[in-house]
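# Results of the structural survey
Now for the letters of each chain:
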Amino acid sequence: MSIGHTLLGLLEAGPRHGYDLKRTFDETFGHDKPLHYGQVYSTMSRLLKNGLVEVDGVESGGGPERKRYAITEAGVTDVQRWLATPEKPEPYLQSTLYTKVVLALLTHRDAAEILDAQRAEHLRMMRMLTDRKRKGDLADQLICDHALFHLEADLRWLELTAARLDRLAREVRPA
Amino acid sequence: MSLPGPLSGRLRDLGLGVRFAVSGGREGWTRTLLTAIGVGIGVLVLLGAASVPTFLHKGNAREHARMLGMGSSGEHVHRSDHSFLYVDVSSQYRSDQVSGYLLRPDGAHPALPPGVDKVPGPGEMVVSPALRKLLASPEGRLLKERYDYRVVGTVHDAGLTSPFDLYLYAGSSTIDTAHGAHRADRYGAYLRPQPLNPVLVVMVVLACVVLLVPVAVFIATAVRFGGERRDRRLAALRLVGADARMTRRTAAGEALFGTLLGVALGGVFFLGARQILAHVQIWGLQGFPADVTPMPALAALILLAVPLSAVAVTLFALRSVTIEPLGVVRSSRPRPRRLWWRLPVPAAGVALLLTAEPVDAVDVLGLVHIAAGVLLSLLGLVLVLPWLVEAAVRRLRGGPVPWQLAVRRLQLHSGGASRAVAGISIAVAGGIALQMFTVGIDADFRKTTGADPKRAQFGALASYPSGALAQRMVDDFGATKGVKKVIGTVESWARPQRAKADPRGATTVSFTVGSCGSLRELAHLSSCENGDAFRVTESHDAQQDGRLQKLARPGTRLAVDDGRDLYGGTAKPVLWTLPKDVPTVASRRAPDGTYFGGILATPGAIDPSRLHNATTSAEIQVDESVPDVYDLVRNTAFRIEPGMRTWNFRDVQRDQQYTSIRSGVFTASALTLTLIAAAMLVSQIEQLRERRRLLSVLVAYGTRRSTLAWSVLWQTALPVVLALALAVAGGLGLGRLMLGMAHKPVTDWGLWLPLAGVGLASVATVTLLSLPPLYRWMRPDGLRTE
Amino acid sequence: MTPAGSLLSATDLRKSYGSTPALDGASFSVHPGEIVAVMGPSGSGKSTLLHCLAGIVAPDAGTITYDGRDLTSLTDAERSALRRGEFGFVFQFGQLVPELTCVENVALPLRLNGVKRKDAERRARARLEQLEVDDVAGKRPGEVSGGQGQRVAVARSLVTDPRVLFADEPTGALDSLNGERVMELLTDAAREARAAVVLVTHEARVAAWSDREVVVRDGRSRDMEFTR
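Since we're looking at a predicted model, the values are computed, not measured. (Residues numbered from 1 in each chain as written. Chains lettered and ligands numbered in written order. Predicted model: local features only at pLDDT ≥ 70, side-chain atom pairs only at ≥ 80, totals over all residues. Heavy atoms only, no water.)

### Quick look at the overall build of chain B
Our working definition: Note on conventions: DSSP H or I runs of at least 4 residues are helices, E runs of at least 2 residues are strands, and numbering of each starts at the N terminus. Accessibility here uses a 1.4 Å probe with only protein chains present; expressed as a share of the type maximum, an area under 20% marks a residue as buried, one over 50% as exposed, and anything in between as partly exposed. Contacts are residue-level and defined by heavy atoms, with any inter-residue pair within 4.5 Å sufficient.
Counting its secondary structure elements, chain B contains 22 helices and 21 strands. A buried classification covers 51% of the 786 residues belonging to chain B. Taking contacts inside chain B between residues at least 6 apart in sequence as the whole, the part at least 24 apart equals 82%.

### Structural notes on the overall build of chain A
To keep it simple, the criterion reads: A 1.4 Å probe and the Shrake-Rupley method give the accessible areas. Residues count as covered only by the protein chains that appear here.
Helix and strand counts for chain A stand at eight helices and three strands. In chain A, the succession of α and β elements from N to C terminus is α-β-α-α-β-β-α-α-α-α-α. Per-residue burial over chain A gives 34% buried out of 175 residues. Counting only contacts in chain A whose residues sit at least 6 apart along the sequence, the fraction spanning at least 24 positions is 55%. Roughly 11,300 Å² of accessible area belongs to chain A as shown, and the carbon and sulfur atoms make up 56% of that amount.

### Considerations on the sheet that holds strand S5 (residues 69-70) of chain C
All names here are of chain C. Counted only if it meets this: At least two bridges found by DSSP between two strands is the condition for calling them paired. Axes here refer to lines fitted to C-alpha atoms; in helices the fit is confined to the stretch in contact. Angles between the N-to-C directions go from 0 to 180 degrees.
Here four strands make up an open sheet; going across it, the order is S2-S1-S4-S5 and the pairing antiparallel. A strand with exactly one partner marks an edge of an open sheet, and here the two such strands are strand S2 (20-30) and S5. As judged from the five bridges shared by strand S1 (residues 8-17) and strand S4 (residues 61-66), these two strands associate in the antiparallel manner. Looking across to S4, one finds that Leu8 is bridged to Tyr66. Sheet contacts for helix H1 (residues 46-53): S1, S2 and S4; angle to S2, the most-contacted strand, approximately 60°.

### Looking at the state of the cysteines
All names here are of chain B. The line we're drawing: Note on disulfides: each one is a pair of cysteine sulfur atoms within 2.5 Å.
Going through the model one piece at a time under the given rule, you end up with one disulfide over all chains. With its sulfur 1.9 Å from that of its partner, Cys516 forms a disulfide with Cys528. Judged by the sign of its S-S torsion, about -75°, the bond between Cys516 and Cys528 is left-handed. With Cys516 in helix H14 (residues 516-520) and Cys528 in the loop between H14 and strand S14 (533-537), this residue pair connects regions lying twelve residues apart in the sequence. A relative accessible area of 12% places Cys528 in the buried class.

### Points about unusual backbone geometry
Glycine aside, the phi torsion of most residues is negative, and most peptide linkages are trans. Residue and element names in this part refer to chain C. At Asp67, a residue that is not glycine, the phi angle is positive and equals roughly 50°. You can see Asp67 is positioned in the loop between S4 and S5. Non-glycine residue Asp218 carries a positive phi angle of around 50°. Here Asp218 is to be found in the loop between strand S9 (212-217) and strand S10 (220-223).

### Some thoughts on the interface of chain C and chain A
Rules: Computed with a 1.4 Å rolling probe, the buried area is the accessible surface lost when two parts are put together, summed over both parts. Criterion for a salt bridge: a side-chain nitrogen of Lys or Arg within 4 Å of a carboxyl oxygen of Asp or Glu. Two N or O atoms form a polar contact when they lie within 3.5 Å of each other; inside protein one atom must be a possible hydrogen donor and the other a possible acceptor, and for residues adjacent in sequence the pair counts only when both atoms belong to side chains. All amino acids are sorted into three groups, where Ala, Val, Leu, Ile, Met, Phe, Trp, Tyr, Cys and Pro are nonpolar, Asp, Glu, Lys and Arg are charged, and the leftover types, Gly among them, are polar.
Of the residues lining the interface, 23 residues belong to chain C; the matching set on chain A comes to 17 residues. Between chain C and chain A, roughly 1,800 Å² of surface is buried when both sides are summed, and carbon and sulfur atoms account for 47% of that area. Taken together, chain C and chain A are joined by five salt bridges. In this structure, Glu213(C) engages Arg119(A) in a salt bridge whose closest nitrogen and oxygen atoms are separated by 2.9 Å. Connecting chain C to chain A are six residue pairs in polar contact (both at pLDDT 80 or more). Residues belonging to the side of chain C that touches chain A are distributed by class as follows: seven nonpolar, three polar and 13 charged.

### Let's talk about the nonpolar core
All names here are of chain B. In plain terms, the rule: We call a set of buried residues a nonpolar core when its members are Ala, Val, Leu, Ile, Met, Phe, Trp, Tyr or Cys and they connect through side-chain atoms within 4.5 Å of each other. Where a domain begins and ends is set by an automatic assignment or by a domain database.
Core analysis: the biggest nonpolar cluster contains 43 residues, and Leu131, Tyr147, Leu168, Met473, Phe477 and Ile620 have the highest contact counts within it. Element by element, the count of residues in this core is highest for helix H17 (residues 629-640), at seven residues. The residues that make up this core include at least three from each of domain 2 (68-184) and domain 3 (458-650). Discounting residues that sit within four places of it in the chain, Phe477 has contacts with Ala460, Arg472, Val483, Val486, Ala618, Ile620, Val633, Thr636, Ala637, Ile640 and Met644. Core analysis: the next-biggest nonpolar cluster, separate from the first, contains 42 residues, Val374, Val382, Leu410 and Val766 among them.

Written as structure tokens, this is what we have:
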């Protein structure tokens, strides 16, 4: 996720202080990982340098410096372009799990055991997310569902692989 | 779509339907078979009904073809090479009628009776297969004593009315015209067809309607078997691009195939069922399997009309269903049925019956009038019933769970139930009406003979007059085991010598000769000796008594037994003077229930053997505790004179025609109820099958089997009870109307009980027979599917 | 081996339909108030396991203990009474009586237990309210959506306050949004009523609503908690 574009997008509604930006971001998107203030500061200075934002005003007083940022014309164009560009689907072609399974087969370890352990782990995570979803608001639900769908996809792969272990073993083991 | 022509497109749609019917897997076949069996049963009944005229005709024709001496009265048959003498030697054996003739050919080439290859010689006889079997069995022991002839041949089917016909021709060298034999030179009688009694005509019309309407209902139900599944399949057809018309044609094709199969099955059923006639006697139906042949025109009509109406019913049923590509949309809230257009039908029927007059078979217009009245009244029942079921069921609420399940089901789908039940109600209403009608007219057909079985249970009538014969009858019957008392008399008539002969009998009085013992049974005699004569009055017949007073005063010279009196014969009368001191005595109820009026004489007063036109008869009192006493007496009678007629005095003699029609009506009612019950059963089972899964789920919930069994019972019982109520009311009303038409009072209002009982029994049967599949589908297997 | 404190447990169940084994030594247990998911590929025997546990079918071999009672030794009538009184059921589809209204459907198990119609329907309405479908109470199943129908079914399964709720693919015929909602309402209601739930599903996302998961493969069960 591009933090720069996200912050730019938030600025489109109107000029804000850096601290304001961080709080809004955390509330809306940062459920898992709140932004460090330093991250905001470094991002904003990069955007400033590229001419996508400008300083709208500075409040002086005690504590940290309180700059107010506003989005520029170029900044709006940039957000527009980012939103319009589809994300590249992640193919997940390289899978650690696959590697583990093949290795287990090659070394005559119990590959099914590995798959089941992983399955239990996945489900534990899914249960946790479901629980959070139950207690959370719509935003929580959407975010958790996203993760749940991915995990479910993994689980299906695990099931499928478990069902095909014998064939896989024949193929990967040297005759 | 590019069609070579609209017709071939249509045919293709029909063909597709046929393919569905054939290749729908087990499911499809089951449905097709159910339809076919249902239609087959319907066709069987229809073909049976269409065979009735042929059946009656063929039986009668063979019966007439072997008759002797009927229809040729007055003609004198000359002795020739092919003429012969005959005596009717028919008699009863236990409860069976044995018929036949004693034959004595005049020449070398006597005419052959139908079904017989060679006329039996003296002491020989040819018998029907059934009689041969009876004679050979221990049950036929006494009969063998009676017809003590050597069996030399068989009477073939051409000379028999049915496989159970007991018939014989025996040869004789002794019978002569002086002793009761007649001469003939050919077999067969032409009898003018008797027009049916008008009340019987009404009965026949009603019976036909009672029979045919339920069959139509049944066929309509059979064609709808498996309809829901079919609709889903049609929806799938829509999905791949068929339009509404094509799906309808496909459905028609499917129904058509099942129905055609059904028609074929019906033909097979029919051929099979009529073979039963060769093995058992059912309800007194007499005939050979081959006699049960439908009239060609009626058969063609059935073969054509049944498939066509199947298609019509299918298309009609599809009207309330919209088949969309993604599923079937039933007009979910069907319009409540309206009463206004239904009521006029029974009203018109009632009006027609109210204005009808009794008719006979010749009065076509009157027949149509009555038939239409009955038809409309009964059809009215069918139309009003669904409305009534719906209206009644709509108001039902609450109740225990099985009741609630049944009521709710009926509220949603009352159509099927009331359709099946409409059939039942017609059968029951028609049956009740018929029964009331028959009981009401019973008095007409039940002739109370007034015979007194306590005094004499048996009568014998010799075929020629002879005082000696009368005496022999008294002696021989008296010597027969089990006979307590015999009255033997020679009966003739007398006229004052001076009065003119009158063929209508206005100048004659009865003149009976017998021993004192016999005469005491006919009049109150204070004293009697051989040589006495008596004038008998108080005969309950004023004319008779009046004639006696006027014509037979004491001392009158009488011409006794004048052949010219009654049939203008030539036999000379015997002149005899009524003694001056002849006592006048009161008549007494004779054993045969009659009261004698006229002149009684003992053989000492007049020699009965001189009375050539007299009849010789005996009344015999037997001890009923002696086994086979009647057949012992009949054997004696045959020994005295083969042509002697014997009969049992019974309180009631029933009119044969009436009895056979009534038994036919009950056969029809029974068949109809069975048919409807079968239809109800099949749709019940099909409905259960379609909700297999739901049943399993309910059982998973811990629903008791009995709960569901009760709901099945209620679901059948509720509409049937409603139907029975309507049917009983309708039947009583209809019966009342029909009796009114025949100007008879209602004699018994409780007649509907047995038929209503039959209706309830069919509910119980349907429920009981639905239980095994219900229990089977309540098993958890239903949860495993899909 | 009956795990301590379990409400319903089964050991070494075997069951064949004809020559095809459906269960081949499966074991299971559930504690009061616990939600256990039974997962596995189709044809693995998970539905058969549920049917055995619920006393709908009798296993060929093995023991089933419910609340200290041996389920396999009960008569059919006793097991029916148990299902009526202490178990609740939700299936994938086709479980509502099409002629009865929704509230009558929900009241049905109570009425089978002899509760008066008025009381039964009052309680049924309360359950419909809890599952947020009280607006369809007077409609027939054919007139409501799939999601609503399934919620009515859940209401019905809970109306007798069962101690064990058996759910066989309860969301199988629903889209994910409706499925989510039904699972949420089902688990909430079950937890509130402290009912144990045996949840048969092949969907991980549905199983994720459970506390624990058991996998059935080729008729044998495997408790995923023990694989750590």
